[in-house]
Amino acid sequence: MGRKKNTTVELDRENDIAPGLVAKTKKRLVVAGGRSHPELTAAVAAALGTELAPVEHRTFASGELYARFEVSIRGCDLFIVQSFGTGVNEWLMELLIMLDAAKRASAKRITVVAPYYPYSRQDKKGRGREPISARLVADLLKTAGADRVMSVDLHAAQIQGFFDGPVDHLFAKPVLLEHFERTLNAEDRETLTIVSPDMGRVRVADTWSDSLDAPLAIIHKRRDPKVANQVSVHEIVGAVDGRTCLLVDDMIDTGGTIVKAAQALKANGARKVIVAATHAIFSDPASERLQDSSIDEVVVTDTIPLSESRRFPGLLILPIAPLLATAIKQVFEDGSVTSMFDGAA
């Protein structure tokens, strides 16, 4: 059977219809990934019921990176999954190269799926002569060819405004919340208090408080702007004596903030401290610090790859791929990402 011809449309001035051809093309969703987190990329594709598009990756002796799509992606709706753990600069450059390759290969729309947005903590100027690197990353993605960005729990919501195009800001809360609703025992539920580790996370902690019908406590801390990763805890606002405290945060880097917060809670009579965070960056010496006696359990998602050497007893890692896959499907089918989060996204 021969190939079906395109349908011809005649000129219709009365209805303002221009002459031309109508091609019966269908949308095609394609998922590809960089080398930063292959397990997550494969899990996202599997959750969508598809396979990954084969991509040839190379690192030359000089350190230069190379990427080539091994099959045609012309006219497709391409989603490139790339996370940013250790080696963030290499993975960022690899993503930019993949974007350029995809743009030149005529992908119709390119969405960057970055579960953890790189340089997200550099979202404003804290002192004079500082960069706003989160904005720079957004400019780089746009220039390289990204039409859309999807990320989970941005460090600051205003990062959405840095990108000149749609940004899907997803929340890991449903994944973490489902776990705690299923696993917290009766005593923990009865004595549960949601704790914000600093003033910047109060809004997020407040939504947790509403969802779990638990009171809220806030830890006031002060950080020396000239010394990185060092925090001194001052006081706790709210009752934590005899309570099960659930510390919620967007990320854990070196673990200094969380451990000092947990120690302060235990010093003020907390019976149990559980830590919940989206992004487990776990820069050294986080793994050692998080095994402190003040912390009873740490629950994170796998937005960032964690090597075995950085895992420890008491750490639970929840899969984020189902959430990403659902959001990707909504975007591809022109559905609603906001509906996934009860209108909060």
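Look above for the structure.
Quick caveat, the model's predicted, so the values are computed rather than measured. (Residues numbered from 1 in each chain as written. Predicted model: local features only at pLDDT ≥ 70, side-chain atom pairs only at ≥ 80, totals over all residues. Heavy atoms only, no water.)

Some remarks on the pairing of strand 6 (residues 77-81)
Taking burial as the measure, the 5 residues of strand 6 include 5 buried ones, the bulk of the element. A two-sided burial pattern is seen for strand 6, the buried positions comprising Asp77, Phe79 and Val81 on one face and Leu78 and Ile80 on the other. Sheet topology places strand 6 next to strand 7 (residues 109-114); 5 bridges connect them, and they run parallel. Of the residues in strand 7, the one forming a bridge with Leu78 is Ile110. For the segment spanning strand 6, helix 2 (residues 88-104) and strand 7, crossover handedness is right-handed. (Buried < 20%, exposed > 50% of the residue type's maximum accessible area, 1.4 Å probe, protein only. Helix = DSSP H or I, 4+ residues; strand = E, 2+ residues; numbered from the N terminus. Pairing = 2+ DSSP bridges. Right-handed = clockwise from strand over helix to strand, strands pointing away.)

Some details on the nonpolar core
One recurring pattern in soluble globular proteins is that nonpolar side chains are buried together. Residues Phe69, Leu78, Ile80, Leu99, Tyr117 and Leu141 are the most contacted members of the largest nonpolar core, which totals 40 residues. Those elements that place two or more of their residues in this core are strand 3 (29-33), strand 5 (65-69), strand 6, helix 2, strand 7 and helix 3 (133-144). Per element, the largest residue contribution to this core is 8 residues, and it comes from helix 2. Discounting chain neighbours no more than four positions away, the residues touching Phe69 are Ala32, Pro54, Val55, Leu78, Ile80, Met98, Ala101 and Ala102. With 38 residues, the next largest nonpolar core counts Val81, Val152, Val299 and Ala327 among its residues. (Core = buried A, V, L, I, M, F, W, Y, C linked by side-chain atoms within 4.5 Å. Contact = heavy atoms within 4.5 Å.)

Some details on the layout of surface pockets
Computed from the structure, the second largest pocket encloses a volume of approximately 210 Å³. As for the second largest pocket, its lining consists of 16 residues, of which Ile304, Pro305, Leu306, Ser307 and Arg310 are closest to the centre. For the lining of the second largest pocket, the per-class residue count stands at 5 nonpolar, 7 polar and 4 charged. (1 Å grid on protein atoms, 1.4 Å probe; cavity = no way out; pocket = protein on both sides within 12 Å on 5 of 7 lines; lining within 4 Å. Points joined across faces, edges and corners; volume = space filled by probe spheres on them. Nonpolar A, V, L, I, M, F, W, Y, C, P; charged D, E, K, R; others polar.)

Remarks on the packing of aromatic side chains
The relation between two aromatic rings is expressed through the spacing of the ring centres and the mutual angle of the planes. Here the structure, examined in full by the defined rule, presents 4 aromatic pairs. Taking the centre distance of 6.2 Å and the plane angle of 70 degrees together, the rings of Phe180 and Trp208 count as edge-to-face. Placement of Phe180 in helix 4 (residues 173-183) and of Trp208 in helix 6 (residues 202-212) is noted, with a sequence separation of 28 residues between them. Residue Phe180 is classed as buried on the basis of its relative accessible area, which comes to 1%. One cation-aromatic arrangement involves Lys27 over Phe332; the distance from NZ or CZ to the ring centre is 4.7 Å. When the ring centre of Tyr66 is taken as reference, the NZ or CZ atom of Arg58 above it lies at 5.1 Å. (Phe/Tyr/Trp six-rings, centres within 6.5 Å; stacked < 30°, edge-to-face > 60°. Lys NZ or Arg CZ within 6 Å of the ring centre and 35° of its normal.)

Digging into empty space enclosed by the protein
The full count for this structure, using the stated rule, is 1 cavity of 30 Å³ or more. Volume-wise, the largest cavity comes out at about 60 Å³. As for the largest cavity, its lining consists of Tyr117, Ala138, Val149, Leu154, Ile159, Gln160, Phe162, Phe163 and Val167. A per-class count over the lining of the largest cavity returns 8 nonpolar, 1 polar and no charged.

Thoughts on helix 7 (residues 256-267)
Along its 12 residues, helix 7 runs 16 Å from first to last C-alpha, staying within 8% of the 16 Å computed at 1.5 Å per residue. For helix 7, the full list of buried residues reads Gly256, Thr257, Ile258, Val259, Ala261, Ala262, Ala264 and Leu265. One or two steps after helix 7, the chain reaches Gly269, where phi turns positive at roughly 95 degrees. (Expected span 1.5 Å × (residues − 1).)

What to know about the pattern of salt bridges
The tally for this structure, following the rule as stated, stands at 17 salt bridges. Its salt-bridge partner being Arg58, residue Glu56 comes within 2.7 Å of it at the nearest N-O pair. For Asp123, the salt bridge is made with Lys124, and the minimal N-O distance between the two is 3.8 Å. According to the relative accessible area criterion, Asp123 is buried, its value standing at 6%. When its relative accessible area of 55% is taken as the criterion, Lys124 is described as exposed. The network of salt bridges with shared partners includes Glu187, Asp188, Arg271 and Lys272. (Salt bridge = Lys/Arg side-chain N within 4 Å of Asp/Glu carboxyl O.)

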